[in-house]
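Next come the chains, spelled out residue by residue.
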Amino acid sequence: MNSQIAVDQINEQGHLTIGGVDIVELAQKYGTPLVVYDVDQIRRQIRAFKKVFEEENMAYAVSYASKAFAAIAMYQVIAEEGAYTDVVSAGELFTAIKANFPMERVSFHGNNKSLTELEMAVKNHVGKIIIDNFHEIQLLAQVLKKYDATISVMLRIAPGISAHTHEYDQTGQIDSKFGFDLESGQAEKALKQVLANPRMKMLGIHAHIGSQIFALNGFEMGAQKLMVVAQDWREKYGYLAQVINVGGGFGIKYTQEDHPLRPEEFVKVIKTEAEKMNYPLPEIDIEPGRSIVGPAGYNLYTVGSRKDIPGYRSYITVDGGMGDNIRPALYQAKYETVLATDPQAPLTEHVRIAGKYCESGDILAEDQALPQVKAGDLLAMLDTGAYGYSMASNYNRNPRPAVVFAENGKAKLVIKRESLEDLVHLDQSYLN
Ligand code: PLP
């Protein structure tokens, strides 16, 4: 059986269960395509991150990068777990507000925050603004003056390290749209501007080196770079960083080729780098997105048409595709898929799983081993919880799927399936 499925996820009927709920029951009740999250798995992942920092006796914040999946229910779970979150838009912030998420635990990210977004952040007293560029320093100064407010900020630097999953490139990412460049002195100039503004409380330094990272040295290099910058700024400006934020990017197991790091591995490396400097150990913040929700998510599909091309391959088409998960089409992301009603069945053929959208590139899996499947069968694509629903679209005017949270044998609808009426509700007639 696929090693991404736990043995206790198979019930007496041989069906896959999520959060203790039978997949057949989920599909019958909510329809397909359907996104299902195992909430306990989300909680366990957050707790695993927190536990390592606590065992290491470090000041820390685990800040869920909500771009991976944002919904009122999701912010509620994050809040329940005592974690922090980061948002990158008015929409994510609004959703967090609707969820009653504690605003002091919110960081606001983004490389082009608008005046309106900054006003919203200041008026709602978000915990930190992660400043990305000079334009933002100016806008934020205006907003703080207008509301006679102060706010904690961090500076996002472009560390000159970019992670491409397995490789690192130490110079490439200077050429990035995110953050202040170090080499040309932009980061230092930004520091001076922020320190000169009494309404901005300069908490520390942030860097994010990439996503789906499996090698320890990326985090090591990132933490080292941040500490070198902190040390330099202390010497030059007497500025002492209270917080170092190393971003997210912790890789997950999408396929058998992926070998994720354990939280204790990268936390220790980051701590070691921070301790190497003759510098008071700052609070270490991390911003995991994918690693918190990715493995907890499943996309359920019903098989429809089949096309066998003699001498080539067989295509099976499901009732979803790039509209609910753009990642395979966008960057050839790979997933494992199982027959949800019998994940233990012997795998007898290799097929290409196609979506129903009008793009040849709408392929969910290039080559998936499956038992013989027929129209009406239920497939579960594994580890789809990150950047799937959050990037969903209405391409071809297909409604976006419903999202269900399952925990302790109970399922709860947390985002309704879009209806056909929903699809036209913003449309206006051109005729009088
Ligand atoms: N922090 C920042 C600044 C990011 O840009 C991202 C992702 O793009 C993340 C955190 C989350 O990364 P991941 O989902 O790979 O953990």
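Nothing here was measured: the structure is a model prediction, and the numbers come from that model.

(A) Main features of the domain arrangement of the protein. By the assigned domains, the protein splits into domain 1 (7–31 + 296–424) and domain 2 (39–290). Taken together, the contacts link 17 residues of domain 1 with 18 residues of domain 2. By the criterion of area lost to domain 2, the three top residues of domain 1 are Tyr387, Phe405 and Glu407, representing 36% of everything that side buries. Applying the counting criterion to the domain 1 and domain 2 interface returns one salt bridge. One salt bridge in this structure joins Glu407 and Arg43, with 2.8 Å as the shortest N-O distance. Put simply, domain 1 and domain 2 have five residue pairs in polar contact (both at pLDDT 80 or more) between them. Counting residues per element, the ones that place at least two in the side of domain 1 that touches domain 2 are strand E21 (402–407) and strand E22 (410–415). When residues of the side of domain 1 that touches domain 2 are assigned to their parent elements, the largest contribution, four residues, is made by E21. In terms of residue class, the side of domain 1 that touches domain 2 is made up of 10 nonpolar, two polar and five charged.

(B) Quick peek at the pattern of salt bridges. What the rule picks out here adds up to 24 salt bridges. Of the charged contacts in the structure, one is a salt bridge between Lys236 and Asp232, with a shortest N-O distance of 3.2 Å. Of the two residues, Lys236 and Asp232 are both situated in helix H8 (residues 216–237); the distance of four residues between them amounts to about one turn of the helix. The partly exposed category is assigned to Asp232, whose relative accessible area is 26%. A salt bridge links Arg400 to Glu418; the shortest N-O distance between them is 3.0 Å. Linking Arg400 in the loop between strand E20 (378–382) and E21 with Glu418 in the loop between E22 and helix H12 (420–424), this pair joins segments that are 18 residues apart in sequence. Judged by relative accessible area, which is 26%, Arg400 ranks as partly exposed.

What counts, and at which threshold
- Residues numbered from 1 in each chain as written.
- Predicted model: local features only at pLDDT ≥ 70, side-chain atom pairs only at ≥ 80, totals over all residues.
- Heavy atoms only, no water.
- Domains from an automatic or database assignment.
- Contact = heavy atoms within 4.5 Å.
- Buried area = accessible area lost by both parts, 1.4 Å probe.
- Salt bridge = Lys/Arg side-chain N within 4 Å of Asp/Glu carboxyl O.
- Polar contact = N/O pair within 3.5 Å; in protein donor to acceptor, adjacent residues only side chain to side chain.
- Helix = DSSP H or I, 4+ residues; strand = E, 2+ residues; numbered from the N terminus.
- Nonpolar A, V, L, I, M, F, W, Y, C, P; charged D, E, K, R; others polar.
- Buried < 20%, exposed > 50% of the residue type's maximum accessible area, 1.4 Å probe, protein only.

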